[in-house]
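# Examining the three-dimensional arrangement
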Amino acid sequence: MRSLFLKIFLWFWVTMVLVGGALIITWGLQPEVIVSRWRGATSDALALYAQSAAEELDRYGIVALNNYLQRLDASSHLKAALFDEHGKPIAGEVSETARMLAPHAGVNGEPAFTIEKDNAVAAQRTLGPSGRVYILVAEMPRGPMGAYRLLAS
């Protein structure tokens with residue numbers, strides 16, 4: 001009786017390890033699929049954040065824009081900065097890598113992305129109510145430590 005239980009128990013765990021290994025290998029061999037899905041999911045949110053930041057600046061001024069960027073950081077852990085169409089910073093603080101991404105935001109509305117060790121950085125071009133062009137650059141935590149930072153705060 002004991003040997004049957006032991007055999008079933010061991011086969012269960014061997015199966016679990018094999019399935020887990022297969023999942024890890026499958027995810028590891030398809031990083032571009034994961035990145036493209038992530039880009040698709042975040043580009044709509046980034047466009048909305050960029051449009052909201054441009055509206056805050058054009059309608060209510062720099063103080064309202066700074067408040068919006070602080071609320072964005074507090075609520076979604078997104079460090080963001082708004083730039084003019086020439087890449088000159090208007091408000092917010094981001095890393096040097098993020099600043100360098102601002103001029104690469106697509107004119108056709110497509111965001112520019114780059115992935116670092118701890119952060120994913122994206123730049124989105126948008127048109128404000130005044131007709132001026134702005135670029136929102138955002139840094140988002142990524143990976144297991146990024147998820148931990150989101151949960152811990």
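Further up the page is the structure itself.
In what follows, the accompanying structure is described. (Residues numbered from 1 in each chain as written. Predicted model: local features only at pLDDT ≥ 70, side-chain atom pairs only at ≥ 80, totals over all residues. Heavy atoms only, no water.)

Another aspect to go through is the overall build of the protein. Regarding its fold elements, the protein presents five helices and five strands. When its helices and strands are written in sequence order, the protein yields α-α-α-β-β-α-β-β-β-α. Here the protein holds 153 residues, and the buried ones make up 29% of them. Nonlocal contacts in the protein, meaning residues at least 24 apart in sequence, comprise 47% of its contacts between residues at least 6 apart. Only carbon and sulfur atoms are counted for the fraction: they give 63% of the accessible area of the protein, which is about 10100 Å². (Helix = DSSP H or I, 4+ residues; strand = E, 2+ residues; numbered from the N terminus. Buried < 20%, exposed > 50% of the residue type's maximum accessible area, 1.4 Å probe, protein only. Contact = heavy atoms within 4.5 Å. Areas by Shrake-Rupley, 256 points an atom, 1.4 Å probe, with all protein chains shown as cover.)

Across the sheet, five strands lie side by side as β2-β1-β5-β4-β3; this open sheet has antiparallel pairing. Since the sheet does not close on itself, it has two edges, and those belong to β2 (89–92) and β3 (112–115), each with one partner. Mean inter-strand twist for the sheet, computed between neighbouring axes without regard to direction, equals 15°. Judged from the six bridges that link them, strand β1 (residues 79–84) and strand β5 (residues 133–141) form a sheet pairing that is antiparallel. Each residue of the ladder has a partner; that of phenylalanine 83, found in β5, is isoleucine 135. Where helix α3 (residues 62–76) meets the sheet, its contacts fall on β1, β2 and β5, and the angle it forms with β2 comes to roughly 50°. (Pairing = 2+ DSSP bridges. Axes fitted to C-alpha atoms, helices over the stretch in contact; angles between N-to-C directions.)

The next thing to look at is the pairing of β2. Looking at chain direction, β1 and β2 are connected through three bridges and run antiparallel. Within the sheet, the bridge partner assigned to alanine 81 lies in β2 and is glycine 92. Between the end of β1 and the start of β2, which pair antiparallel, lie four residues, with glycine 87 showing a positive phi angle near 90°.

Taken as a whole, this structure holds three aromatic pairs when the rule is applied. Between phenylalanine 9 and tryptophan 13, the aromatic rings sit 6.4 Å apart at their centres with planes inclined by 70°, giving edge-to-face as the arrangement. Linking phenylalanine 9 with tryptophan 13, this pair stays in helix α1 (residues 2–29), spanning four residues, or about one helical turn. Residues phenylalanine 12 and tryptophan 13 carry aromatic rings whose centres are separated by 5.1 Å and whose planes lie at 80° to one another, so their mutual orientation is edge-to-face. On the accessibility criterion, phenylalanine 12 (45% relative accessible area) is partly exposed. Among the aromatic residues, those joined into a ring-pair cluster are Phe5, Phe9, Phe12 and Trp13. (Phe/Tyr/Trp six-rings, centres within 6.5 Å; stacked < 30°, edge-to-face > 60°.)

The subject of this paragraph is the side chain of threonine 126. Looking at the element boundaries, threonine 126 is found in strand β4 (residues 119–127). At 2.8 Å, the side chain of threonine 126 forms a polar contact with the side chain of glutamine 51. Ignoring any residue separated from it by four or fewer positions in sequence, one finds threonine 126 in contact with Ala50, Gln51, Ala54, Arg132, Val133 and Tyr134. (Polar contact = N/O pair within 3.5 Å; in protein donor to acceptor, adjacent residues only side chain to side chain.)

So, on to the environment of serine 95. With respect to the element layout, serine 95 can be found in the loop between β2 and α4 (96–101). A sequence separation of 42 residues divides serine 95 from valine 137, and the C-alpha atoms of the two residues are 9.9 Å apart. Engagement of the side chain of serine 95 in a polar contact is seen with the side chain of glutamate 139, the distance being 2.5 Å.

Structural measurements only, silent on function.
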